[in-house]
Amino acid sequence: MQSQIVDTAQLTPNHQLHVDGHHEAHPDYRLFGLVVFLIAEGMIFMGMFGAYLAFRSTLSVWPPEGTPELELLLPGVNTINLIASSFVMHNADTAIKKNDEKGMRIWLAITAAMGIVFLFGQVYEYTHLEFGLTTNLFASAFYVLTGFHGLHVTLGVLLILSVLWRSRHSGHYNSQSHFGIEAAELYWHFVDVIWIVLFGLLYLL
């Protein structure tokens, strides 16, 4: 019987057939897509940082007179907590690359808990600040910047919890297939770096 001839020149690279009839593997662009997304988010934050610095440079007194001084203790502890959580999150990725599913789940759970502690610390700070959103330009910038970052932390915690939930099935993540964990880790590192910049701008400068 004469074999059927397939014109592979008319097929796209992602859908060409091997001579044995098997499809070629599709390229995995998920990590690239995530990086593009984080670059876009980073540009939004950079624009907000630029606006804050522009506000600061146009006023002779910053923060404006009458603005209560920010406390450093709680934000400082929150900063240490968030930085430490990045190392904890990396341990989850390291564990799954060794096929240590239990260790991965433990590190993911600890990271999520540390993120929740950060959010509670931020809410506590909000409830004890002596200025509101519309008190002055500094107050408005403070709430917008920290609030937008807090939203990203919340999304990061939800992402980690979703990965943790999916990992309840043994073998869902393993040393060869663990994109969900890598994506959550990369996003969490991004949130961490943004906060370090924010902390320096708002609390230290």
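This text gives an overview of the structure that appears in the document.

Conventions used here
Residues numbered from 1 in each chain as written. Predicted model: local features only at pLDDT ≥ 70, side-chain atom pairs only at ≥ 80, totals over all residues. Heavy atoms only, no water. Phe/Tyr/Trp six-rings, centres within 6.5 Å; stacked < 30°, edge-to-face > 60°. Helix = DSSP H or I, 4+ residues; strand = E, 2+ residues; numbered from the N terminus. Buried < 20%, exposed > 50% of the residue type's maximum accessible area, 1.4 Å probe, protein only. Core = buried A, V, L, I, M, F, W, Y, C linked by side-chain atoms within 4.5 Å. Contact = heavy atoms within 4.5 Å. Axes fitted to C-alpha atoms, helices over the stretch in contact; angles between N-to-C directions. Parallel < 35°, antiparallel > 145°, perpendicular 65-115°, else oblique. Left-handed = near helix turned anticlockwise from the far one by under 90°. Nonpolar A, V, L, I, M, F, W, Y, C, P; charged D, E, K, R; others polar.

Focus: the packing of aromatic side chains
In step 1: For the structure shown, the criterion picks out 17 aromatic pairs.
In step 2: Taking 6.3 Å as the distance between ring centres and 65 degrees as the angle between the ring planes, the aromatic pair formed by Phe 45 and Phe 190 counts as edge-to-face. Of this pair, Phe 45 sits in helix α1 (residues 30-58) while Phe 190 is found in helix α5 (residues 179-204), placing the two residues 145 residues apart along the sequence.
In step 3: By relative accessible area, Phe 190 is classed as buried at 14%.

Notes on the nonpolar core
In step 1: Core analysis: the biggest nonpolar cluster contains 45 residues, and Tyr 52, Phe 131, Phe 138, Phe 142 and Leu 202 have the highest contact counts within it.
In step 2: A total of 14 residues in this core trace back to one element, the largest contributor, which is α5.
In step 3: Apart from residues lying up to four places away in sequence, Phe 131 is in contact with Thr 67, Pro 68, Leu 70, Phe 138, Ala 139, Phe 142 and Tyr 143.

Focus on the packing of helix α2 (residues 73-97) against helix α3 (residues 101-128)
For any two helices packed against each other, one specifies the inter-axial angle together with the distance between the axes.
In step 1: Orientation of α2 relative to α3, taken along the N-to-C sense of each, is 165 degrees, at an axis distance of 8 Å. As judged from the angle between their axes, α2 and α3 are roughly antiparallel. For α2 against α3, the interelement crossing comes out left-handed.
In step 2: Residue composition of the contact of α2 with α3, grouped by class: 17 nonpolar, 8 polar and 2 charged.

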